[in-house]
Amino acid sequence: MKKRKVNWKTAGVVTAGVGFLVLGGLMYGKMKELTNQLAYLQDSTNIILSDVSGMQSNIEKTLQKEASMIEAYSINVTGMDFSQMVYKVEISVIPKEYTDSTRVSIFFGTTECKLKSNGYRYEGTVSLPIGKSFDGNATFLIANGKKKTTEVVEDFEGINGKFAQVLSGSLSKQPVIKDGKLILKGNCDFSVDGAGLYTFRSLKLVGKLGDQEIWTQDLMQDIRESEEEKTQGESGTEQIAAETETNALKQGSGTCECALVYDPNEEADGDQIPDSQQQTRMLRIFLRAVTTDGYRFETDLFGVNYLVQEQLLDTENADSEIHKRVYDLNGHELELKE
């Protein structure tokens, strides 16, 4: 039998290769373990840094409050005049320290309002321009003899572009004439938001032909029903019940089914419209929200001329652009821009 000669050199190379593979596998496992540990350490570090940042923020707020010379204050909008484009605010502030010689003012930009002492409280009113922002530009000045201290108001922006976001909506379908009657079907999506300034006593979808309101649909109940479906728990139910009792709403949204059917050839009482009125009349479909203070917001959803003689809607020249308006207590109109 022929003997085979073992190639120890080759065998050594193979053995070494196997050893390296095993060592490489072990090192890969160790590297993966180290990578996971590093990732865990990084996550832990981020959590710690976040906690430290939160603690630092709370400490800064506490120090600012302790360093403040003001115990409490309020700035409330009490009236608006769109003919003069101004609104009135009432200011009330309680300094932490005061004497008989303490004087307090508040500056809105360069407009100074000197506050009068009413016991430990200082009060005053001032008219400000609509559309000008006072974000970071309202400052209290407290003078005790020769010592004067200023403090910036952090949470007053003024009435600056907030009207346009109050009331919005859209129609899924346009009104049509069918069998001589004006009909609006489909849905209306709507939302109302008091922007922290208003509560609303009514919200309606309105149809107006010429100067005559031909149809209104109450939307307050739709909002409450929508909120009841979303709200879970007793607290939400109590809140909605309280709003229902006071008939006031701060904000809400919903969808309603439109149900307008109207004969343009007859008045609401069934009498025939006189021939003198048989002419083009503007049809407007719009949302109307009235605040508890009496301010009225209107948002047009659709506008078109009704051709009385032809009994047609001039849809080719329809105005589908959204127009928004707000009216003050004297009926002065302010047209709003998005």
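Cut-offs used in this document
- Residues numbered from 1 in each chain as written.
- Predicted model: local features only at pLDDT ≥ 70, side-chain atom pairs only at ≥ 80, totals over all residues.
- Heavy atoms only, no water.
- Helix = DSSP H or I, 4+ residues; strand = E, 2+ residues; numbered from the N terminus.
- Contact = heavy atoms within 4.5 Å.
- Buried < 20%, exposed > 50% of the residue type's maximum accessible area, 1.4 Å probe, protein only.
- Lys, Arg positive; Asp, Glu negative; His and termini not counted.
- Salt bridge = Lys/Arg side-chain N within 4 Å of Asp/Glu carboxyl O.
- Polar contact = N/O pair within 3.5 Å; in protein donor to acceptor, adjacent residues only side chain to side chain.
- Core = buried A, V, L, I, M, F, W, Y, C linked by side-chain atoms within 4.5 Å.

K.L.:
Just checking my understanding: could you explain the environment of Val153 for this structure?
P.N.:
As for its placement among the helices and strands, Val153 is situated in the loop between strand 7 (147–152) and strand 8 (167–171). Setting aside residues no more than four positions away along its own chain, Val153 makes contact with Tyr73, Ile75, Ile106, Gly136, Ala138, Thr139 and Phe140.

K.L.:
What exactly am I supposed to notice about the side chain of Asp328 here?
P.N.:
Following the sequence through the fold, Asp328 ends up in the loop between strand 19 (323–327) and strand 20 (333–336). Arg296 provides the closest opposite charge to the buried, unpaired Asp328, separated from it by 8.2 Å. Among the polar contacts made by the side chain of Asp328, one reaches the main-chain amide nitrogen of Phe82 at a distance of 2.9 Å. At 2.9 Å, the side chain of Asp328 forms a polar contact with the backbone nitrogen of Asn330. Not counting chain neighbours up to four residues away, the residues in contact with Asp328 comprise Met80, Asp81, Phe82, Ser83 and Tyr295.

K.L.:
I would appreciate a short explanation of the nonpolar core in the present structure.
P.N.:
In a soluble, globular protein the nonpolar side chains are often hidden away together inside. Core analysis: the biggest nonpolar cluster contains 64 residues, and Ile91, Phe108, Phe163 and Leu205 have the highest contact counts within it. Of the residues forming this core, the biggest block, five residues, is contributed by strand 17 (residues 296–307). Aside from chain neighbours lying at most four places away, what touches Phe163 is Met80, Phe82, Ile130, Tyr198, Phe297, Val326, Leu334 and Leu336.

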